[in-house]
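# Fold and geometry: a report
Residues per chain are reported as follows:
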Amino acid sequence: MSAHTKPTPASAKKVRVHHLAAAKERGEKITMLTAYDAVTAALLDASGVDLLLVGDSIGNVMHGHTTTLPVTVDDMIPPARAVASVAKRALVVVDLPFGSYEAGPEQALATGVRMMKETGVAAVKLEGGTRVAAQIRALTDAGIPVVAHLGFTPQSEHALGGHRVQGRGDQAAEVLADDALAVQEAGAIAVVLEMVPVDVAARITEILRIPTIGIGAGAQCDGQVLVWTDMAGMTDWTPRFAKRYAELGRALQQAAEDYVAEVKKGRFPDDAHSFLE
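Residues numbered from 1 in each chain as written. Predicted model: local features only at pLDDT ≥ 70, side-chain atom pairs only at ≥ 80, totals over all residues. Heavy atoms only, no water.

In the annotation of an unreviewed UniProt entry, the protein is listed under the name 3-methyl-2-oxobutanoate hydroxymethyltransferase and assigned to Myceligenerans pegani. Reading the Sequence similarities (unreviewed entry) entry of the UniProt record for the protein gives the comment "Belongs to the PanB family." Of the comments in the UniProt record for the protein, the one headed Catalytic activity (unreviewed entry) reads "(6R)-5,10-methylene-5,6,7,8-tetrahydrofolate + 3-methyl-2-oxobutanoate + H2O = 2-dehydropantoate + (6S)-5,6,7,8-tetrahydrofolate". (UniProt positions renumbered as here; feature names shortened; annotations may be inferred.)

The residue after phenylalanine 268, namely proline 269, is reached through a cis peptide bond having omega 5°. Residue position: proline 269 is located in the segment after helix H11 (248-264). Look at methionine 195: it is not a glycine, yet its phi comes out positive at around 50°. Examined against the element boundaries, methionine 195 turns out to sit in the loop between strand E6 (190-194) and helix H9 (198-207). (Helix = DSSP H or I, 4+ residues; strand = E, 2+ residues; numbered from the N terminus.)

Turning next to the UniProt feature "binding site: 3-methyl-2-oxobutanoate" (unreviewed entry) in the protein. Here, UniProt's "binding site: 3-methyl-2-oxobutanoate" (unreviewed entry) annotation points to Asp56, Ser57, Asp95 and Lys125. Spanning 70 residues, the named residues nonetheless gather at one spot, since no C-alpha pair among them exceeds 12.4 Å. Aspartate 56 sits in the buried class, given a relative accessible area of 4%. With near-sequence residues (within four places) excluded, aspartate 56 lies in contact with Thr68, Val71, Met76, Asp95, Pro97, Glu127 and Gln155. The topology assignment puts aspartate 95 in strand E3 (residues 91-95). Residue classification places aspartate 95 among the buried positions, given a relative accessible area of 4%. In contact with aspartate 95, other than residues within four places in its own chain, are Leu53, Val54, Gly55, Asp56, Met76, Met115 and Lys125. (Buried < 20%, exposed > 50% of the residue type's maximum accessible area, 1.4 Å probe, protein only. Contact = heavy atoms within 4.5 Å.)

This chain's UniProt record puts "active site" (unreviewed entry) on Glu194. Take glutamate 194: it is sitting in strand E6. Judged by its relative accessible area of 10%, glutamate 194 is buried. Among the polar contacts made by the side chain of glutamate 194, one reaches the side chain of histidine 149 at a distance of 2.9 Å. (Polar contact = N/O pair within 3.5 Å; in protein donor to acceptor, adjacent residues only side chain to side chain.)

Leu52, Ile136 and Leu193 are the most contacted members of the largest nonpolar core, which has 60 residues in total. Counting residues per element, this core draws most heavily on helix H4 (residues 73-86), at seven residues. Those residues within four positions of isoleucine 136 in sequence are excluded, and the remaining contacts are Leu126, Val146, Ala148, Val183, Ala186, Gly187 and Ala188. Counting residues in each nonpolar core, the second largest holds 17 residues, with Val15, Leu53, Val93 and Val192 among its members. (Core = buried A, V, L, I, M, F, W, Y, C linked by side-chain atoms within 4.5 Å.)

As structure tokens, this is what we get:
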């Protein structure tokens, strides 16, 4: 951790699975951000965020892929280990990438066990509703907490016809609600609702015992999640549902430009940044 990184107070209580349900009962909003490395995770953890998600969005954000589909389990383990190693307060969740759980409960359990043993995270996340209920049950029965993901599910982007809002219309809304109840009954500890109409997300939040965490699903969800690079303004592109809380991308580029200019002009390093006799 950098000397300038504000450490998480020693008195900060570690967020556990049961705290999520308690927060829903109290009406206390839950916060989640993605993280992919130790430096960023330490800063976000010190902010007081409740959950850190090592998302397969790493494929888009860090690896330059156009979708999350190329991401593998081997890709996810090093960043998950890094984030879990520095998170003092936040509950760390890691995505199970495409192809690592769809074959059935046995495959899902094998992937989940490997993630837990090799990374130190506290929970895993997977996409889908009724179709993956058996996988969620197998993981839960083995003592692995599971966060579900419904609505727009990036691993199914091609089947869904691209980045489209899900749950529009009475029938689609009912299917989404049924999926939410199915993952709850299978043992999920929470469910992410992505790109879902506000009224549909509010209804699902009302009927579930477990927390809903929205991303493009309105303010009535029990919590919110954003990709940290969207939240912090690291690129010129921001999805409609993300608010830019800073312009760190511009600040980083300016810092790099200043460094290049000083080196080119012989201004860096100066005496203050050198070892003198």
